[in-house]
Amino acid sequence: MKRFIKYVKPINQLKRNFSITIGKKSQPGLTHFSEIETDIIEMTKQFAEQRIDPIAKEMEDQKQIPEEVFNEMFDLGLFGIEVPEQYGGTGLNYMNTVLAIEEMAKVDSSVAAALDVQNTLFNRTIMTYGTEEQKETYLPALATKALGSFCLSEASSGSDAFALKTRAVEENGEFVINGAKQWITNSREATYYIVMANVDPDKGYKGITPFIVERDNPGIQISNPEDKVGMKASSTCEVVFDNCRVPRSAILGGEDNIGKGYKIAIDTLNEGRIGIGAQQVGLAQGAFNHAVAYAHERHQFGRPVADFQGMQFQFAKAATEIEAARLLVYNAARKKEAGENFVQEAAMCKYYAAEVAGSVATQAVQWMGGVGITTEYKAERFYRDWILGSIYEGTGNINLQTIAKCLSNKLK
């Protein structure tokens, strides 16, 4: 025992060093929210339930989110949550973005995806890597009226994102971009695009460079949206660059970032995985709420379906899994906010939240029986929307690979 104490500080010494007093309260739990976070949750919930829910099926049928919905979200500040006030945003923290995404996804994943991409992929990338001139040019519009779209994936580079073939060739003081991006969210409505293109293929991924391209550039073309199994209202299009000329000032972050697009993409996607995790938690909770409410209304054998113990056990297990996924998401978000390494936590929360969402969405259809497979109810839409969320910003296997690498690095 004495040998052990030589290397470990006893508790009474720790108390003196850190001014810990007996009876002092510990840090609040992950689900303890600040006043502004509580307000964000309530505001987003009201908007989602009162404005989006009544038109969700219509949006899916028309495969489009109405422009007035986007305008109202801009008015509420939902598209500029973390944009500093000096640029016209609300200047809140990352956790507020995560909470807003979760609440929106409880009602509709298409709108949640638009909210997610704008805040976690586009705005944050400009804020983190943009020059001051770029911030002054783009952030005020992004916070108040303009959507952005993040163009990385291609037909031959999905999980292997850095195998991209889009080229940017320097010519007469400009860069000429040629190539095509696929599966690009918000692409139909976007005003601005962050485009990853390779300026020097001989250097491999170290030639990838980020550019900001504006919608009115004659060299950019937006194809018709993909006909997807789920999230049908979210525009997912091919974006084609045909001799798209941009000035050197279009390099995101300036010329120092030539060849650094791969690092920017990795860092951005790591943050984005937390947002997708929040989407999946919200979707799972929405499917759960919808199906369990129905099970309380539906009577069989003289009593509500929800009163049968076999059903109650399934509800309890699903609720526990949703809460576990939620805590993984919140923990990753809090670590990101605190400036700590969160790569492993981001991969974990995205992986597990997608697994839980798939399980709960599937069970929700089954809990509702025959009506669960009809479009009259929401259960089948939650199920279809989950399929997409399980794939983008890292498939399950890609996230497991990331987790494994992080664990291995800690043991070396």
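Residues numbered from 1 in each chain as written. Predicted model: local features only at pLDDT ≥ 70, side-chain atom pairs only at ≥ 80, totals over all residues. Heavy atoms only, no water.

Asker: Quick question: what am I supposed to make of the overall build of the chain here?
Answerer: Each helix and strand counted, the chain has 13 helices and nine strands in total. Against the compact-globule benchmark of 22 Å for 412 residues, the chain has a radius of gyration of 23 Å, which places it among compact chains. The principal-axis extent of the C-alpha atoms belonging to the chain is close to 75 × 70 × 40 Å. Taken across its 412 residues, the chain has 50% of its residues classed as buried. The contacts in the chain between residues at least 6 apart in sequence include a share of 74% that link residues at least 24 apart. With an accessible surface of roughly 19,600 Å², the chain has 51% of that area assigned to carbon and sulfur atoms. (Helix = DSSP H or I, 4+ residues; strand = E, 2+ residues; numbered from the N terminus. Rg over C-alpha atoms; globule rule 2.2 N^0.38 Å. Buried < 20%, exposed > 50% of the residue type's maximum accessible area, 1.4 Å probe, protein only. Contact = heavy atoms within 4.5 Å. Areas by Shrake-Rupley, 256 points an atom, 1.4 Å probe, with all protein chains shown as cover.)

Asker: Explain the pairing of strand E5 (residues 208-214) to me, please; I cannot follow it from the model alone.
Answerer: Most of E5 sits out of view: six of its seven residues are buried. Inspection of the sheet shows strand E4 (residues 192-198) paired to E5 by seven bridges, in the antiparallel sense. Paired with Val 195 across the strands is Phe 211, a residue of E5. (Pairing = 2+ DSSP bridges.)

Asker: Where do I start with a negative patch on the surface in this structure?
Answerer: Taken together, the side chains of Glu 35, Asp 39, Glu 42 and Glu 49 make up a negatively charged region of the molecular surface. The topology assignment puts Glu 42 in helix H3 (residues 35-52). Judged by relative accessible area, Glu 42 falls into the partly exposed class, the value being 38%. (Patch = residues over 30% accessible without salt bridge, like charges linked within 9 Å, V, L, I, M, F, W, Y side chains within 5 Å. Salt bridge = Lys/Arg side-chain N within 4 Å of Asp/Glu carboxyl O. Lys, Arg positive; Asp, Glu negative; His and termini not counted. Charge placed at Lys NZ, Arg CZ, Asp CG, Glu CD.)

Asker: Explain the packing of aromatic side chains here, please?
Answerer: Aromatic ring pairs are described here by two measures, namely the spacing of the ring centres and the angle between the planes. Applying the stated criterion across every chain, the model contains twelve aromatic pairs. Seen in terms of ring centroids, Tyr 383 and Trp 386 are 5.8 Å apart; in terms of plane orientation they differ by 40 degrees. Their pairing is tilted. With Tyr 383 and Trp 386 both in helix H12 (residues 379-389), this residue pair falls three residues apart, about one helical turn. Among the aromatic side chains, those forming a connected cluster through ring pairs are Phe 70, Phe 74 and Phe 79. (Phe/Tyr/Trp six-rings, centres within 6.5 Å; stacked < 30°, edge-to-face > 60°.)

Asker: Just checking my understanding: could you explain helix H11 (residues 343-367) for this structure?
Answerer: Residue pairs three or four apart in sequence face the same way in an α-helix, which turns once every 3.6 residues. Taking 1.5 Å of rise per residue, 25 residues should cover 36 Å, and H11 covers 36 Å from first to last C-alpha, within 8% of that figure. Positive backbone phi, approximately 65 degrees, marks Gly 369, located one or two places after H11. (Expected span 1.5 Å × (residues − 1).)

Asker: So what exactly am I meant to see when it comes to the nonpolar core here?
Answerer: A general feature of soluble globular proteins is that nonpolar side chains tend to end up buried together. By size, the foremost hydrophobic cluster in this structure holds 67 residues, and its most contacted members are Met 73, Met 104 and Ile 274. Breaking this core down by element, the ones donating at least two residues are H3, helix H5 (67-76), helix H6 (94-105), helix H7 (109-129), helix H9 (261-297), helix H10 (309-337), H11 and H12. Here this core gets eleven residues from one element, more than from any other, and that element is H9. In contact with Met 104, not counting residues within four places along its chain, are Thr 44, Phe 47, Ala 48, Ile 52, Met 73, Leu 78, Val 111, Ala 112 and Leu 115. Among the nonpolar cores identified, the runner-up in size contains 26 residues, and Leu 121, Phe 122, Tyr 138 and Ala 265 belong to it. (Core = buried A, V, L, I, M, F, W, Y, C linked by side-chain atoms within 4.5 Å.)

Asker: Help me understand the environment of Ile 101 in this model?
Answerer: Summarising the element assignment, Ile 101 is placed in helix H6. A sequence separation of 18 residues divides Ile 101 from Asn 119, and the C-alpha atoms of the two residues are 9.5 Å apart. Here Ile 101 is in contact with Ala 112, Leu 115, Asp 116, Thr 120, Gly 275, Ala 278 and Gln 279, once residues within four sequence places are set aside.

Asker: Mind showing me how you'd approach the packing of H7 against H9 here?
Answerer: Helices that pack against each other are described as a pair by the angle of their axes relative to one another and the distance between those axes. Their axes nearest at 10 Å, the elements H7 and H9 cross at an angle of 155 degrees. Relative to H9, the element H7 lies roughly antiparallel. Here H7 and H9 pass one another in a crossing that is right-handed. Touching Ser 109, Ala 112, Ala 113, Asp 116, Thr 120, Leu 121, Arg 124, Thr 125 and Tyr 129 of H7 are Ile 264, Asp 267, Thr 268, Glu 271, Gly 272, Gly 275, Ile 276, Gln 279 and Leu 283, all from H9. Counted by class, the contact of H7 with H9 contains seven nonpolar, seven polar and four charged residues. (Axes fitted to C-alpha atoms, helices over the stretch in contact; angles between N-to-C directions. Parallel < 35°, antiparallel > 145°, perpendicular 65-115°, else oblique. Left-handed = near helix turned anticlockwise from the far one by under 90°. Nonpolar A, V, L, I, M, F, W, Y, C, P; charged D, E, K, R; others polar.)

Asker: Can you help me understand the pattern of salt bridges in this one?
Answerer: Two side chains bearing opposite charge may form a pair once their charged atoms approach each other closely. Counted by the stated rule, this structure contains 24 salt bridges. Linking Glu 255 and Arg 248 is a salt bridge whose minimum nitrogen-to-oxygen distance equals 2.7 Å. A relative accessible area of 45% places Glu 255 in the partly exposed class. In this structure Arg 248 comes out as partly exposed when scored by relative accessible area, which is 23%. When salt bridges that share partners are traced, they join Glu 37, Arg 334 and Glu 337 into one network.

Asker: What is the right way to read helix H8 (residues 132-144) from this model?
Answerer: With 13 residues, H8 extends 18 Å from end C-alpha to end C-alpha; this agrees with the ideal 18 Å at 1.5 Å per step. Where H8 bends most, the angle comes to about 35 degrees, and this point is Tyr 138, followed within four residues by the proline Pro 140. Looking only at H8, the buried set comprises Gln 134, Lys 135, Tyr 138, Leu 139, Ala 141, Leu 142 and Ala 143. Those residues of H8 that are buried lie in contact with H5, H7, strand E1 (148-151), E4 and E5. (Bend = angle between axes of the 7 residues up to and from the residue.)

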